[in-house]
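Structural overview for review
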Amino acid sequence: MAFNGHQRDDDTVDEDETPSKQPRSNKEMPGYFRSEPGSEAAAPTGRATPDRRSSNATARHRSDSVKKTRPPFPWFGMDIGGTLVKLVYFEPKDITAEEEQEEVENLKSIRRYLTSNTAYGKTGIRDVHLELQDLTLCGRTGNLHFIRFPTHDLPAFLQMGRNKHFSSLHTTLCATGGGAYKFESDFRTMADLQLHKLDELDCLIRGVLYIDSVVSSGPSECYYFENPTEPDRCVQKPYTLENPYPLLLVNIGSGVSILAVYSENNYKRVTGTSLGGGTFLGLCCLLTGCSTFEEALEMASLGESTRVDKLVRDIYGGDYERFGLPGWAVASSFGNMMSKEKRESVSKEDLARATLVTITNNIGSITRMCALNENIERVVFVGNFLRVNTLSMKLLAYAMDYWSKGQLKALFLRHEGYFGAVGALLELLHPS
Amino acid sequence: MAECSGVDSNPSSHTMDKSITLPPDEIFRNLENAKRFAIDIGGSLTKLAYYSTVQHKVAKVRSFDHTAKEAASDKLYEISVQEEVTARLHFIKFENAYIETCLDFIKDHLVNTETKVIKATGGGAHKFKELIERKLGLKVDKEDEMTCLIKGCNFVLKNIPHEAFVYAKHADSEFRFQTTNPDIFPYLLVNIGSGVSIVKVEAEDKFERIGGSSIGGGTFWGLGALLTKTKRFDELLQLASKGQHTSVDMLVKDIYGGSYGCLGLTGDLIASSFGKSATADKEFSKEDMAKSLLHMISNDIGQLACLYAKLHNLSRVYFGGFFIRGHPVTMHTITYSINFFTKGEVQALFLRHEGYLGAIGAFLKGAEEDNPNQYSWGENYAGSSGLMSVSPDMNPMQRARSGTFDMLEMDRLERQLVNLPLLQDPSSYIPDTVDLTEDALAREYWLYCFEEALDGVVKRAVASQPDMPEAALRAEKFRQKYRHKLQTLRHQPFAYGSLTVRSLLDTREHCLNEFNFPDPYSKIKQRENDAALKYYQKAVKSLEELSWEERQFALVRGVLAGNVFDWGAKAVSDVLESDPEFGFEEAKRQLEERPWLVDSYDQWLERIKGPPHKCALFFVDNSGVDIILGVMPFIRELLSRGTEVVLASNSGPALNDVTNGELQILTERIAAMDPVIQAGLRDDRLTLVQSGSSSPCLDLSRLDKVLAMVVRERQTDLVIIEGMGRAIHTNYYAMLSCESLKMAVIKNSWLADRLGGKLFSVVFKYEVPAGKPSQDCETLTPS
């Protein structure tokens, strides 16, 4: 009978308590749900709500109320950034036979498509190694999947949603990132989908805190580099983010946002910089003719930035002792490229490496200044710029440690780029 | 990074072009006596500094021995023109391509120097070491760049008014000059060379590099060259100024479709520099890429500078280095960035002589035994090129100048200059009433006015040296030089800081001195002083016959009438020249009747009915009738009331203003006729001091140290400023911490018009500082 994929446990509608609960509606009422006034406006200030965070323990405790507010499947969280779309999908593994029977075909097909593939179309990828299994969310147990594809392929994604009649499921699609705003109308017109738009920084923080709290088995979510200033002894070590505040959260996507987080609900955006992952890739494409992040990173790993950059020792013959600058420090990024002969003697790999080092070190130094200004000693770096980018992580770890004389600690999270999407999913399950 | 220079991408630019001929009249002046050389060689420009002594003529007055010669001469004193030696700093900036030609030129002209070493700094110093040593036979002694830079920066900030400015591209005047704050520390210097160094300067010798960045001018140049295949830095800047960064950068609106409202990020902000170029199948224009790169680097530097300024709680942030060096494009992007990141709390400041800092500093290092920091120095407007854009495209005037040589000359002032201790707020004091850089109408008028008056000044200059046949030729050179300055200022009003009537007058004085016309009015002043002295006793007698209240008014009218005698004002000089009989009485008749244009005479009268002032400081104006029949009777009354008087007059000549030398003689002569003046001198209750200035205007923040000392010692509680130049063109709005009286007659119809009056309108402005109630005088005023 239901258009919804999942039968509600309880049909009582409590408007105040369940802003995301949808009355059954038919296809002729697109965009009906999520029409409660004020719910969108509330999103940016949502961070003030105290019990938005969920953990296994609390979820079970409140299973009654959870049932009431539990949204129908499928559960998605989406983060549409400047370069990448990040999608998290919760695959329920505790579906009862009864549920299975009632589950509409569309929903099954989506689940099967997403879970049985690791690549979608030409550019969509599921990061299998990040999958979180046996996770209990809203009283349901299942696996959390992490999927990404380039933002410029969003039309293809929408087309797929249209083909698979996603809109017939009448689920709320919680989305964050700038694209949630930019493509809102495309979602509506191309796929007949209504987005619930969420603030990206709220989602980011919510996602970070959640993932850190639920990951208990397998590789530690949070880690750091021991001995960052000694390349030979530099090793990745797990870190427990038990008492995380205050925390500087540096999100490196296309651009960079730096947040000071004082508690779950209290944070501010300190600053940001336009020199981020997009700059690295953009410059690499122009300088080397490459076209993907992976290619650019691959080249960078083979290159030598000191042929491109002018070092302190290139100018002073050694350390600049007057100011305590070591000879190996970069004096001028791309400084050697002022000379024609040197321009002709560098390789594409060298240029890619120099670009990576330049962007990474710059983020490091802005971060360090923010940490000093905000008086925070712990820095967590996230964002997809760090994906498969150990080079940059080690550079950041080094820079934090060296220039702060050991005062600052650089921390990293395994699910680096997905926290915004996770935060969006949480908003679906526990609206603030 | 400390290193200011980039490596020149074009090595052929160092090959010497022997065909280059130097315009020797203009550059490397006074090389014969040069000593203590310093050189700063950057990536493309060389800056050379030297110290020389300049012989120039000064007018001296000497009292005649009246006991013997009184009958022989009816003249009061003797005028002689003497040679005087003063110290001057020369700084020359030229392209590295000229370096060998210049070294040859120096070698040929360097006659009597004992110099053995040349101080050198800058990235190129090493490269040219051998050449310099071979050519000049001097040992190259390398100095730390950053130390030189800071030393140079301190020096210009202390000695050059209007050194620092704020750049506002779209404002009426692009350059907003800062008033010189006597306390220059602490400040942040952000030097953008190939890298960036951020230095905190806390005292003359206390500075620290608190940070930096490797993303600097070298990144713009190097990365720009790779992206656009454009080799030269200037060309890259030009590309950037024509480009559109929005096709390359990913903006907030590219991600959001609009603004990111809740963070206050507008849609046009750059979210990711080069974010749109992350594709293999799209071509981008050179201009657009250069623009995007420029924004990226400027924003990044601005952001770091702000973070450092905030961390160290500093609000004065100066930017320098080859990335900035007079380029409007980079000054604009840096300014924009600083505004954005500090929400307008910190202003990006730039320096007029930024390019010279290293050379100045290196020079100072080598000249420590001459103690240049013990003196005050003044920019010589005649010998300095002024601020220009380096880009010929943006600045067509540039190429018209002598090749590509840029000059700065600074004269060592006889005395150390300090603030008047009675300024209410030295840091906000601005001497000039109208900033002609901001007021286009006023600028047009005054430039026209000075150009119009030029013939007369030339004529007067020639007439002042009747025995010198070559005077006409020199006067003609003076005309050309000053006219050229006026033309430059017409195009670039900001060339020497804020353009003001004072700077126009001072420039004229500097140019006159340059061509050895030290005092064109000396003879006129002498004649007028002679004539006025004859009336002194009669004038005093007639004043004494008046009732007290009538006398007070007559004394004020006397000062005002005397002030009509001013050769500097065209309206008056016409009459004076055509009608020598124009007398004191006539002047009084010309005066406006009360109520005057600005009239606080009643308050003044009430005040002087009260207790006498402790000490009055009187800044005097013209020679002749003004000083002798106007000012002297006035201060005579003050002395009689028991007020001590300090007469401050110019140290050097300017127009027909009375100089300290002349005033000494005049006062002696008056003392011989007048027991009140005599007693004042004898009892040390009347003091003559020099102001330290040679200008018809008055900058109360640059006064002789001795004057400041006297003012403090005598507990001066009244400052009187007389004349249009000192009380209207300057100081009209000056706030003092004691009572002040500004008296002037407006002898310029345009100015009168502006102030809402007419020709010969009177300004009589008596002010009591706020918060200092004139209670004691009110209660004591007889009712």
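What you are looking at is a predicted structure, and each value in this text was computed from that prediction instead of being measured. Chains are numbered independently. Their residues run from 1 in the order of the written sequence. Here the convention is simple: chains get letters from A, ligands get numbers from 1, in the order in which they are written. At least 70 in pLDDT is required for a residue's local features to be given in this predicted model, at least 80 for side-chain atom pairs to be given and counted, and no such filter applies to totals for whole chains, interfaces and linings, which use all residues. Hydrogens are left out, water is left out, and the side-chain values use all remaining heavy atoms of the structure.

**Remarks on empty space enclosed by the protein**
Residue and element names in this part refer to chain A.
- In the cavity and pocket records, a cavity denotes points on a 1 Å grid over the protein atoms alone where a 1.4 Å probe fits but cannot get out, a pocket denotes an open set with protein on both sides within 12 Å along at least 5 of 7 lines, and lining residues are residues with an atom within 4 Å of a point. Grid points are joined across faces, edges and corners, and a volume is the space filled by probe spheres set on the points. What the rule picks out here adds up to 13 cavities of 30 Å³ or more.
- By volume, the largest cavity amounts to about 150 Å³.
- Lining the largest cavity are 14 residues, and of these Phe 76, Phe 157, Met 160, Gly 161 and Phe 166 lie nearest its centre.
- Under the scheme used here, helices are H or I runs from DSSP no shorter than 4 residues and strands are E runs no shorter than 2 residues, and both carry numbers assigned from the N terminus. Breaking the lining of the largest cavity down by element, the ones donating at least two residues are helix H5 (105–116) and helix H6 (154–163).
- When residues in the lining of the largest cavity are grouped by element, the largest group, 4 residues, is from H6.
- In this classification, the charged set is Asp, Glu, Lys and Arg, the nonpolar set is Ala, Val, Leu, Ile, Met, Phe, Trp, Tyr, Cys and Pro, and all remaining amino acids, among them Gly, are polar. Classifying every residue of the lining of the largest cavity gives 12 nonpolar, 1 polar and 1 charged.

**Re the pattern of salt bridges**
Residue and element names in this part refer to chain A.
- The rule for a salt bridge is simple: a side-chain nitrogen of Lys or Arg has to be within 4 Å of a carboxyl oxygen of Asp or Glu. Counted by the stated rule, this structure contains 62 salt bridges over all chains.
- A salt bridge links Lys 268 to Glu 374, with the shortest nitrogen-to-oxygen separation between them at 2.9 Å. Remark: Glu 374 occurs in helix H14 (residues 348–374) and Lys 268 occurs in strand S13 (residues 266–273); sequence separation between them is 106 residues.
- A simple rule labels every residue: compare its accessible area, found with a 1.4 Å probe on the protein chains alone, to the largest value its type can have, and call it buried under 20%, exposed over 50%, or partly exposed in between. By relative accessible area, Lys 268 is classed as partly exposed at 37%.

**A short note on the interface of chain B and chain A**
- Only heavy atoms matter for contacts: two residues are in contact if any of them lie within 4.5 Å across the pair. With 57 residues of chain B in contact, the opposing surface of chain A contributes 61 residues.
- When two parts are put together, the accessible area they lose, computed with a 1.4 Å probe and summed over both, is reported as buried area. With both chains or domains summed, chain B and chain A bury close to 4,700 Å², and 66% of this area falls on carbon and sulfur atoms.
- Connecting chain B to chain A are 1 salt bridge.
- Here Glu 374 of chain A ties to Lys 310 of chain B by a salt bridge, and the two come within 4.0 Å at their closest N and O atoms.
- Any N or O atom pair separated by 3.5 Å or less is treated as a polar contact, with the protein-specific requirement of one donor-capable and one acceptor-capable atom, and with residues adjacent in sequence counted only for side-chain atom pairs. Where chain B touches chain A, the interface holds 17 residue pairs in polar contact (both at pLDDT 80 or more).
- Those elements that provide at least two residues to the side of chain B that touches chain A are helix H4 (145–159), strand S10 (206–213), helix H5 (217–228), helix H7 (252–256), strand S12 (270–272) and helix H8 (286–311) of chain B.
- At 9 residues, H8 of chain B tops the list of elements feeding residues into the side of chain B that touches chain A.

**Here we look at the pairing of S13 of chain A**
All names here are of chain A.
- Relative to S13, strand S12 (residues 256–263) runs antiparallel, the two sharing 7 bridges. What sits directly across from Ile 258, in S13, is Thr 271.
- Hairpin remark: S12 followed by S13, antiparallel, with 2 residues in the connecting loop. A pair of strands counts as paired when DSSP detects no fewer than two bridges linking them.

**A closer look at the nonpolar core**
- Ranked by size, the top nonpolar core spans 101 residues in total, and within it Phe 381 and Phe 412 of chain A together with Phe 220 and Phe 319 of chain B carry the most contacts.
- Not counting chain neighbours up to four residues away, the residues in contact with Phe 220 of chain B comprise Ala 225, Phe 233, Leu 236, Leu 237, Ala 240, Ala 290, Leu 293, Leu 294, Ile 297 and Phe 323 of chain B.
- Among buried residues, those of type Ala, Val, Leu, Ile, Met, Phe, Trp, Tyr and Cys that are joined through side-chain atoms within 4.5 Å constitute a nonpolar core. Val 85, Leu 158, Leu 209 and Val 261 of chain A belong to the second-largest nonpolar core, a separate cluster that totals 78 residues.

**Overview of the sheet that holds strand S20 (residues 644–649) of chain B**
Residues and elements named next belong to chain B.
- Read across the sheet, 7 strands follow the order S18-S25-S24-S23-S19-S20-S21 without closing on themselves; strand pairing throughout is mixed. Strands with a single pairing partner mark the edges of an open sheet, and in this sheet they are strand S18 (598–599) and strand S21 (686–690).
- Relative to strand S25 (residues 762–767), strand S24 (residues 739–745) runs antiparallel, the two being bridged by 6 bridges. Along S25, the bridge assignment pairs Ala 744 with Val 763.
- Against the sheet, helix H21 (residues 660–673) engages S20 and S21, with an angle of about 160° to S21. Axis definition: a line fitted to C-alpha atoms, over the contacting stretch in the case of helices. Angles run 0 to 180 degrees between N-to-C directions.

**Some details on the domain arrangement of chain A**
- Along its sequence, chain A is carved into domain 1 (70–213 + 420–429), domain 2 (222–303 + 348–413) and domain 3 (309–345).
- Between the C-alpha centres of domain 1 of chain A and domain 3 of chain A the distance comes to 48 Å. As annotated, the domain borders come from an automatic or database domain assignment.

**Here we look at the side chain of Asn 96 of chain B**
- Mapped onto the elements of the fold, Asn 96 of chain B is located in the loop between strand S3 (77–95) and helix H2 (99–109).
- Polar contacts involving the side chain of Asn 96 of chain B include one to the main-chain carbonyl oxygen of Gly 42 of chain B, which spans 3.1 Å.

**Digging into the sheet that holds S12 of chain A**
Residue and element names in this part refer to chain A.
- Pairing is mixed in the open sheet, where 7 strands are placed in the order S10-S9-S17-S16-S11-S12-S13. Strands at the two margins of the open sheet, each flanked by one partner only, are strand S10 (235–238) and S13. Here the strands of the sheet are splayed against their neighbours by 30° on average, with no regard to which way each runs.
- Alignment of strand S11 (residues 247–252) against S12, held across 6 bridges, turns out to be antiparallel. By the bridge assignment, Val 250 is partnered in S12 with Ile 258.

**Quick notes on the confidence of the model for chain B**
Residue and element names in this part refer to chain B.
- Summary of the metric used: pLDDT quantifies the predictor's per-residue confidence within the range 0 to 100. In this model, chain B carries an average pLDDT of 85, and 89% of its residues clear a pLDDT of 70 or more.
- Below pLDDT 50 for its whole length, residues 1–20 participates in 67 contacts with residues either more than four positions away or in separate chains.
- Within the model, pLDDT remains below 50 along residues 774–783, and this stretch shows 7 contacts once partners closer than five positions in the same chain are excluded.
- This complex was scored by the predictor with a pTM of 0.84 and an ipTM of 0.84.

**Some words on the domain arrangement of chain B**
Residues and elements named next belong to chain B.
- The assigned domain composition of chain B is domain 1 (24–64 + 76–158 + 359–412), domain 2 (164–248 + 284–351), domain 3 (433–508) and domain 4 (521–767).
- For domain 3 versus domain 4, the distance between C-alpha centres works out to 26 Å.
- Each side of the interface is counted separately: domain 3 has 15 residues, and domain 4 has 21 residues.
- Where domain 3 abuts domain 4, roughly 1,600 Å² becomes buried across the two surfaces, and 59% of that area is made up of carbon and sulfur atoms.
- Summed over the three residues of domain 3 that lose the most area to domain 4, namely Thr 433, Arg 460 and Arg 502, the buried surface amounts to 41% of that side.
- Between domain 3 and domain 4 we count 2 salt bridges in total.
- For the interface between domain 3 and domain 4, the tally reads 5 residue pairs in polar contact (both at pLDDT 80 or more).

**As for H14 of chain A**
All names here are of chain A.
- Under the 1.5 Å per step criterion, the end-to-end length of H14 is 39 Å for 27 residues, consistent within 8% with the ideal 39 Å.
- Summarising burial for H14: 22 of the 27 residues are buried, a large majority.
- At the exit of H14 stands Asn 375, carrying a positive phi of roughly 60°. Residue count minus one, scaled by 1.5 Å, sets the expected span of a helix.

**Some remarks on unusual backbone geometry**
- With an omega of -10°, the peptide bond between Tyr 245 of chain A and Pro 246 of chain A qualifies as cis.
- Relative to the helices and strands, Pro 246 of chain A resides in the loop between S10 and S11.
- Residue Pro 595 of chain B is bonded to the preceding Arg 594 of chain B through a cis peptide linkage, with omega at 0°.
- One can find Pro 595 of chain B in the loop between helix H18 (584–590) and S18.
- Positive phi, normally seen in glycine, also occurs at Asn 227 of chain A, with a value near 55°.
- With a phi close to 45°, Val 388 of chain A is a non-glycine residue in the positive phi region.
- Note that Val 388 of chain A resides in the loop between strand S16 (378–382) and helix H15 (390–403).

**Some remarks on the packing of aromatic side chains**
- A pair of aromatic rings is counted whenever rings of Phe, Tyr or Trp (Trp by its six-membered ring) have centres within 6.5 Å, and the orientation is called stacked for planes under 30 degrees apart, edge-to-face for over 60 and tilted otherwise. Under the defined criterion, the tally for this structure stands at 57 aromatic pairs over all chains.
- Aromatic pair Trp 75 of chain A and Phe 90 of chain A: ring centres 5.2 Å apart, planes at 25°, arrangement stacked. Here Trp 75 of chain A is found in strand S1 (residues 75–80), whereas its partner Phe 90 of chain A is found in strand S2 (residues 84–92), with 15 residues between them in sequence. Just as Trp 75 of chain A is buried, Phe 90 of chain A falls in that class too.
- Pairwise contacts between aromatic rings join Phe 165, Tyr 167, Phe 175, Phe 177, Phe 319, Phe 350 and Phe 494 of chain B into one cluster.
- Its end group placed over the ring of Tyr 356 of chain B, Lys 93 of chain B keeps NZ or CZ at 5.0 Å from the ring centre.
- Two conditions define a charge located above a ring, namely a distance within 6 Å from the ring centre to NZ of Lys or CZ of Arg, and an angle within 35 degrees of the ring normal. Sitting over the face of the ring of Tyr 375 of chain B, Arg 412 of chain B holds its NZ or CZ atom 4.0 Å from the ring centroid.

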